[in-house]
Amino acid sequence: SRDLLFYKAKNTGEKNNIAFSVTKHSGQKFGAIISKHDTDIYEQFSSLVSIISKATDAENFLHSLHHKLDAYSVLIDNIAHSKIKLKNFFDNFFNEDIHDQSDIFFAAMTEYIYASYAKNDSNEKALERVYASLRFVKFLQGDKS
């Protein structure tokens, strides 16, 4: 926590950041830094966390979403700068009846992915932020995988 507080969060050029890092029992690590100065990313991250924390069946949704984004990462890289294409991605890949009540999740993910890529970081850094954020929310929900 000291490293996150004094080095990572404050060495990004600006103060007032959210930095998180999770090390799982297996040694696998993930983390990200969300700057409150990047209002689009921060607001979309906050919205995503809020929506998912209120959901009753978020665990299944998060698990399938994380794996689907991982499997189609090249496609996401190519369509991330278009909200319409991102919406179409979610509409086409999550079109089962069980996903009908998850529209608010998909809208939040569309906005968060779009905001992450709009920051003009490398595609790898933007996708890493999205993955880390999803895994962080899964961790907060108590997901073991």
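Residues numbered from 1 in each chain as written. Predicted model: local features only at pLDDT ≥ 70, side-chain atom pairs only at ≥ 80, totals over all residues. Heavy atoms only, no water.

(A) Quick look at the nonpolar core. Residues Leu-69, Ile-76, Phe-90, Met-109 and Ile-113 are the most contacted members of the largest nonpolar core, which totals 36 residues. Elements that contribute at least two residues to this core include exactly strand E1 (17–23), strand E2 (29–35), helix H2 (39–54), helix H3 (58–71), helix H4 (73–79), helix H5 (83–93), helix H6 (103–118) and helix H7 (123–141). Filtering out sequence-adjacent residues up to four positions away, Ile-113 remains in contact with Leu-69, Ile-76, Ala-80, Leu-86, Phe-90 and Val-130. (Core = buried A, V, L, I, M, F, W, Y, C linked by side-chain atoms within 4.5 Å. Buried < 20%, exposed > 50% of the residue type's maximum accessible area, 1.4 Å probe, protein only. Helix = DSSP H or I, 4+ residues; strand = E, 2+ residues; numbered from the N terminus. Contact = heavy atoms within 4.5 Å.)

(B) Highlighting the pairing of E2. Across 7 bridges, the pairing between E1 and E2 is antiparallel. Among the inter-strand pairings, Val-22 is bridged to a residue of E2, identified as Phe-30. Taking the residues that link successive antiparallel strands as the turn, the E1-E2 hairpin has 5 residues, and the phi of Gly-27 there is positive, at about 95°. (Pairing = 2+ DSSP bridges.)

(C) Structural context of the confidence of the model for the chain. Summing up the model confidence of the chain, the mean pLDDT is 79 and the portion of residues at 70 or higher is 79%. Put simply, helix H1 (residues 2–8) is where the chain has its lowest mean pLDDT, 58, and H4 is where it has its highest, 92. (pLDDT = per-residue confidence, 0-100.)

(D) Seen up close, the packing of aromatic side chains. Summed over the entire model, instances satisfying the criterion amount to 8 aromatic pairs. Aromatic side chains Phe-20 and Phe-45 sit 6.3 Å apart centroid to centroid with 10° between the ring planes, which places their arrangement in the stacked category. Of this pair, Phe-20 sits in strand E1 while Phe-45 sits in helix H2, and the two are 25 residues apart along the sequence. Summarising the burial analysis for this pair, Phe-20 and Phe-45 share the class buried. Here Tyr-72 and Phe-93 contribute two aromatic rings whose centre-to-centre distance is 4.5 Å and whose plane-to-plane angle is 45°, an arrangement assigned as tilted. Within this pair, whereas Tyr-72 is found in the loop between H3 and H4, its partner Phe-93 is found in helix H5, the two being separated by 21 residues in sequence. Aromatic rings pair up to connect Tyr-72, Phe-89, Phe-90, Phe-93 and Phe-106 into one cluster. (Phe/Tyr/Trp six-rings, centres within 6.5 Å; stacked < 30°, edge-to-face > 60°.)

(E) Geometry of H7. With 19 residues, H7 should cover 27 Å at 1.5 Å per step; its first-to-last C-alpha distance of 27 Å lies within 8% of that length. Three or more residues of H7 are buried, namely Ala-126, Leu-127, Arg-129, Val-130, Tyr-131, Ala-132, Ser-133, Leu-134, Arg-135, Phe-136, Val-137 and Lys-138. Positive backbone phi, approximately 90°, marks Gly-142, located one or two places after H7. (Expected span 1.5 Å × (residues − 1).)

(F) Just the pattern of salt bridges, in detail. For the structure shown, the criterion picks out 2 salt bridges. Of the charged contacts in the structure, one is a salt bridge between Lys-83 and Glu-111, with a shortest N-O distance of 3.1 Å. A residue pair is termed long-range when its members are at least 10 positions apart, and Lys-83 in helix H5 and Glu-111 in helix H6 qualify at 28 residues. (Salt bridge = Lys/Arg side-chain N within 4 Å of Asp/Glu carboxyl O.)

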